[in-house]
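Below, each chain spelled out in residue letters.
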Amino acid sequence: MSSPSKRREMDLMKLMMSDYKVEMINDGMHEFYVEFHGPKDSPYQGGLWRIRVELPDAYPYKSPSIGFVNRIFHPNVDEMSGSVCLDVINQTWSPMFDLVNVFEVFLPQLLLYPNPSDPLNGEAAALMMRDKVTYELRVKEYCEKYAKPEDIGASTGENLSDEEMSDEEGYASSDEAVPDHPDP
C-alpha cells in the first residue's frame, strides 16, 4: 500500500465488512460513526455507543481520532466531550494497526481495563479506586440511561449536546415523540 488514501479505503472497507455498523458523516472517507457494543463480562455489557472516528490525511501513519458520542462513565473518557485517553491510539500508534484493531482490541481493552491513574474523568477514577462496586453500579446506570439503541438513533448530529442531555428531567421525559414509534 503506497498511498495513505488507498490504505484508508481498504481499512474502512474492512471495517464495513466486519460486524460493525458504519455511517459516513460526509462524502469523504475522513469522518464516520461506528456502533460499538460494550464487551461481554464487563459492567459495560449491553451498552451500545456511537463512536465518532476522524482519520487524518496522514492515516495510517498518524492515529485516528476516536470519541464517544453518547455518554459513558469511564476514568479514561471525558464525560462531556467523549474524548478517549488511549495510549495505543494517541501515543504508540503504528501503521501496522487498522480500524478493526481499534474496535476489536483497543476499545474493548480500554473498557475492560481502565487506568484510573491517568484520568480524563476524575470522578470515575476516584470512585473506581475508592469503591469498585459503586463504580460498577454507576457504569451500569450510565449504560441504561445513555447507551441503548434509541440513544444511538438520537445522536445523528454532532455530540449529543451533552450539557442539555445531562439535565435529568430533560432526559427522563417520556412524553416526547419517539421516531418510528407513533403515539397509541
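The structure this text deals with has already been given above.
Definitions and cut-offs
Residues numbered from 1 in each chain as written. Predicted model: local features only at pLDDT ≥ 70, side-chain atom pairs only at ≥ 80, totals over all residues. Heavy atoms only, no water. Helix = DSSP H or I, 4+ residues; strand = E, 2+ residues; numbered from the N terminus. Contact = heavy atoms within 4.5 Å. Areas by Shrake-Rupley, 256 points an atom, 1.4 Å probe, with all protein chains shown as cover. Salt bridge = Lys/Arg side-chain N within 4 Å of Asp/Glu carboxyl O. Buried < 20%, exposed > 50% of the residue type's maximum accessible area, 1.4 Å probe, protein only.

## Details of the overall build of the protein chain
Assigned secondary structure in the protein chain consists of eight helices and four strands. Each helix and strand of the protein chain, placed in order from N terminus to C terminus, yields the pattern α-β-β-β-β-α-α-α-α-α-α-α. Taking all contacts inside the protein chain whose residues are at least 6 apart in sequence as the whole, residues at least 24 apart take part in 57%. Per element, the accessible surface of the protein chain, about 10300 Å² overall, is 51% carbon and sulfur.

## Concerning unusual backbone geometry
With an omega of 15°, the peptide bond running from Tyr 59 to Pro 60 counts as cis. Its place among the elements puts Pro 60 in the loop between strand S3 (48-54) and strand S4 (65-68). Backbone geometry places Asp 41, a non-glycine residue, at a positive phi of 55°. Along the chain, Asp 41 falls in the loop between strand S2 (31-37) and S3.

## Regarding the pattern of salt bridges
Any two side chains of opposite charge can pair, on the condition that their charged atoms come close. A complete count under the given rule lists nine salt bridges for this structure. Here Glu 54 makes a salt bridge to Arg 52, at a shortest N to O gap of 3.1 Å. Among the residues examined, Arg 52 registers a relative accessible area of 15% and is labelled buried. For Arg 138, the salt bridge identified is with Glu 123, shortest N-O distance 2.7 Å. Of this pair, Arg 138 sits in helix H5 (residues 132-146) while Glu 123 sits in helix H4 (residues 122-130), and the two are 15 residues apart along the sequence. Taking relative accessible area as the criterion, Glu 123 reaches 44% and is therefore assigned partly exposed.

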